Amino acid sequence: MCFVTRKSFPCVETVPSFFGNSFPSDTTGDPTMKHLAAFEAALADIHSEGRYRVFIDLKRHRGEFPKATVRHPDGSEQPVVVWCSNDYLGMGQDEDVIAAMHEAVDSFGAGSGGTRNISGTTRYHVDLERELASLHGKEAALLFTSGYVSNEATLSTLARIMPNLIIYSDELNHASMIEGIKRAKCAKRVFRHNDLGHLRALMENDPADAPKVIAFESVYSMDGDVAPMAAMCDLAEEFDAITYLDEVHAVGMYGAEGAGVAQRDDVMHRIDICEGTLAKAFGVMGGYIASRTAVIDAIRSMAPGFIFTTSTCPVLAAGALASIRKLRGEHGRALRETHQAKAAMLKRKFAEAGLPVMPSETHIVPLLVGDPERCKALSDTLLFDFGIYVQPINYPTVPRGTERLRFTPSPLHTEAMMDDLVSSILAVWKQLGLERAA
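Our subject in this report is the structure included herewith. (Residues numbered from 1 in each chain as written. Predicted model: local features only at pLDDT ≥ 70, side-chain atom pairs only at ≥ 80, totals over all residues. Heavy atoms only, no water.)

Digging into the overall build of the protein chain
In terms of regular secondary structure, the protein chain is built from 16 helices and 16 strands. Over its C-alpha atoms the protein chain spans a radius of gyration of 23 Å, differing by no more than 12% from the 22 Å that the globule rule assigns to 438 residues. Its C-alpha atoms give the protein chain principal-axis dimensions of roughly 60 × 60 × 55 Å. Taking all 438 residues of the protein chain together, 54% fall into the buried category. If you sum the accessible surface of the protein chain, you get close to 19,500 Å²; carbon and sulfur atoms cover 54% of it. Side chains of the protein chain give 44 positive and 56 negative charges; the mean places of these two sets differ by 1 Å. (Helix = DSSP H or I, 4+ residues; strand = E, 2+ residues; numbered from the N terminus. Rg over C-alpha atoms; globule rule 2.2 N^0.38 Å. Buried < 20%, exposed > 50% of the residue type's maximum accessible area, 1.4 Å probe, protein only. Areas by Shrake-Rupley, 256 points an atom, 1.4 Å probe, with all protein chains shown as cover. Lys, Arg positive; Asp, Glu negative; His and termini not counted. Charge placed at Lys NZ, Arg CZ, Asp CG, Glu CD.)

Structure follows, in structure tokens:
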């Protein structure tokens with residue numbers, strides 16, 4: 001089945017392979033060409049499931065978030081409104097953040113020059129780590145190049161530090177956490193999402209003297225629900241386990257200073273290792289962990305993902321530092337309040353229009369489609385016919401049959417933009433044979 005918009009955007013069956021006919025037919029002596037069929041088969045599977053991705057050439061407009069321009073393959077340009085950015089508060093366009101980055105690049109240049117072990121560090125790295133530690137009420141913090149790397153590197157290193165470690169992981173944890181736990185090569189237990197009874201049963205079945213880590217997120221980004229954090233900490237204390245909390249979709253947006261759900265729910269002091277990102281609400285790029293000094297020093301000294309990776313550019317560290325400082329104050333509190341109001345408004349408008357908005361406790365607004373091809377067709381039509389940019393979310397990010405559009409309204413999205421969004425979706429919804437909410 002193929003759905004085509006008025007712009008005749010190619011459907012998944014007609015998108016050409018990247019390999020095409022650009023290689024000679026004679027594959028003698030070329031190992032890559034000899035195995036080309038495996039690559040083509042892998043791509044064919046993705047195409048057949050309706051989840052092949054075509055990257056959109058998107059130009060954001062400084063100071064005009066969420067407005068942007070899409071450049072199409074034929075060279076034409078189209079103005080759009082972005083509805084799926086993880087720059088949740090628009091801080092990537094904040095003038096103070098941009099000014100701090102300009103100052104840093106003018107003072108230090110572009111790159112960091114290598115790893116911090118070999119090429120040294122800068123005052124921006126040091127000041128940013130101190131700010132992050134203060135934000136989370138911890139003794140120290142450690143910067144990584146991304147949130148994915150901070151999770152993968154930290155979780156995989158914990159087992160090297162604590163022999164016979166058992167890691168208990170929520171089944172909906174992010175891929176970076178799952179990969180880190182796999183690389184740890186220690187015992188692991190996967191508990192049903194937010195199911196404390198299942199977690200307790202697993203912990204009761206393991207040796208009492210084995211070191212344990214409970215790894216979970218605060219905000220689960222595809223459904224918008226929140227972990228029962230206080231109860232999770234109660235279990236950790238009962239079983240003498242370390243709590244490892246991923247706050248990437250909450251830092252900047254929850255709590256009096258934007259430290260996340262743990263701060264909002266007054267359990268920060270019960271979290272042993274807090275992991276976060278600088279790439280979402282803080283609007284820049286990078287990841288980090290915050291914990292006790294000894295924990296941070298051990299990870300710094302032993303994690304390959306930190307030791308052997310060129311450090312974050314000073315310009316990124318400077319921008320993140322300015323963003324965090326701004327969001328910890330009154331400006332941040334006002335933004336967070338507006339942000340929550342805008343998310344609630346969009347949920348209400350979807351529900352009133354009879355669209356199947358999925359339950360969400362947070363700023364995440366998922367709209368259930370339930371079919372990968374229709375989900376992509378809806379996304380394509382909204383983009384090319386209505387100037388609305390929102391990407392489809394499908395397997396493996398979410399289970400098959402729960403494909404959705406995931407909206408992230410910011411404080412800068414207006415009610416008029418929301419009304420235009422709802423009317424545009426309704427114009428396409430019936431055409432695609434999609435069911436309205438009861």
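Right, picking up where we left off after that structure.
Remarks on the nonpolar core
If you look at the biggest cluster of nonpolar residues, it comprises 58 residues, and the most contacted ones within it are Leu-128, Ile-214, Phe-216 and Leu-278. No other element matches the seven residues that helix α13 (residues 314-327) contributes to this core. With residues near it in sequence (within four places) discarded, Phe-216 still touches Asn-173, Met-177, Ala-227, Met-229, Met-232, Thr-243, Tyr-244, Leu-245, Asp-246 and Ile-271. Ala-68, Leu-346, Val-422 and Ile-425 belong to the second-largest nonpolar core, a separate cluster that totals 36 residues. (Core = buried A, V, L, I, M, F, W, Y, C linked by side-chain atoms within 4.5 Å. Contact = heavy atoms within 4.5 Å.)

Quick look at the sheet that holds strand β15 (residues 392-393)
Sheet architecture is open: three strands sit in the order β13-β16-β15, paired in antiparallel fashion. Where the open sheet ends on each side, the last strands, each with one partner, are β13 (365-368) and β15. The pairing of β13 with strand β16 (residues 404-407) spans four bridges and is classified as antiparallel. Each residue of the ladder has a partner; that of Val-365, found in β16, is Phe-407. Contacting β15 and β16, helix α15 (residues 372-386) runs over the sheet at an angle of about 45 degrees to β16. (Pairing = 2+ DSSP bridges. Axes fitted to C-alpha atoms, helices over the stretch in contact; angles between N-to-C directions.)

Quick look at the sheet that holds strand β6 (residues 187-191)
What the seven strands build is an open sheet, ordered β4-β12-β11-β10-β7-β5-β6; its pairing is mixed. Two strands lie at the open edges of the sheet, namely β4 (140-144) and β6, each paired on one side alone. Geometrically, the sheet is characterised by an average inter-axis angle of 20 degrees between neighbouring strands, direction not taken into account. The sheet contact formed by β4 and strand β12 (residues 287-291) spans five bridges and is antiparallel. When the bridges of β12 are listed, Leu-142 appears paired with Ile-289. Running over the sheet, helix α5 (residues 123-135) touches β4 and β12 and is turned about 125 degrees from β4.

Some remarks on the side chain of Lys-347
With respect to the helices and strands, Lys-347 occurs in helix α14 (residues 330-352). One buried charge, Lys-347, has no salt-bridge partner; the nearest side chain with opposite charge is Glu-361, at 8.9 Å. Within the structure, Lys-347 has its side chain in polar contact with the backbone oxygen of Ser-360 (distance 2.9 Å). Ignoring anything within four residues of it in the chain, the contact list for Lys-347 reads Val-357, Ser-360, Glu-361, Thr-362, Ile-364 and Val-365. (Salt bridge = Lys/Arg side-chain N within 4 Å of Asp/Glu carboxyl O. Polar contact = N/O pair within 3.5 Å; in protein donor to acceptor, adjacent residues only side chain to side chain.)

Let's talk about the packing of helix α6 (residues 147-161) against helix α11 (residues 293-302)
Here α6 crosses α11 at 100 degrees, and the two axes come no closer than 10 Å. Regarding the angle of α6 to α11, the classification is roughly perpendicular. Note on element contacts: α11 touches α6 through Ala-298, Ile-299 and Met-302, opposite Thr-154, Thr-157, Leu-158, Arg-160 and Ile-161. Across the contact of α6 with α11, the residue classes tally to five nonpolar, two polar and one charged. (Parallel < 35°, antiparallel > 145°, perpendicular 65-115°, else oblique. Nonpolar A, V, L, I, M, F, W, Y, C, P; charged D, E, K, R; others polar.)

Digging into the layout of surface pockets
The calculated volume of the largest pocket comes to roughly 1,300 Å³. The wall of the largest pocket is formed by 48 residues, among which His-174, Ser-221, Met-222, His-249 and Thr-397 lie closest to the centre. Those elements giving two or more residues to the lining of the largest pocket turn out to be β1 (57-60), α6, α7 (175-184), β11 (273-277) and β16. Here the lining of the largest pocket takes five residues from α7, the largest share from any one element. Here the residues of the lining of the largest pocket sort into 20 nonpolar, 15 polar and 13 charged. (1 Å grid on protein atoms, 1.4 Å probe; cavity = no way out; pocket = protein on both sides within 12 Å on 5 of 7 lines; lining within 4 Å. Points joined across faces, edges and corners; volume = space filled by probe spheres on them.)

Describing the side chain of Lys-212
Position of Lys-212 relative to the elements: it lies in strand β7 (residues 212-217). Buried and unpaired, Lys-212 has Asp-209 as its nearest opposite-charge partner, separated by 6.3 Å. Here Ala-210 takes part through its backbone oxygen, which lies 3.0 Å from a polar atom of the side chain of Lys-212. In this structure, Lys-212 is in contact with Leu-165, Ile-166, Tyr-168, Met-203, Asp-206, Pro-207, Phe-239, Ala-241 and Ile-242, ignoring residues within four places of it in sequence.

Here we look at the pairing of strand β3 (residues 77-82)
Where strand β2 (residues 67-71) and β3 come together, five bridges link them in antiparallel fashion. Its bridge partner being in β3, Val-70 is matched across the sheet by Gln-78. In this structure, β3 lies alongside strand β14 (residues 388-389), joined through two bridges in parallel fashion. Each bridged residue has a counterpart across the sheet, and for Val-81 the counterpart in β14 is Ile-388.

Just geometry here; none of it tells us what the structure is for.
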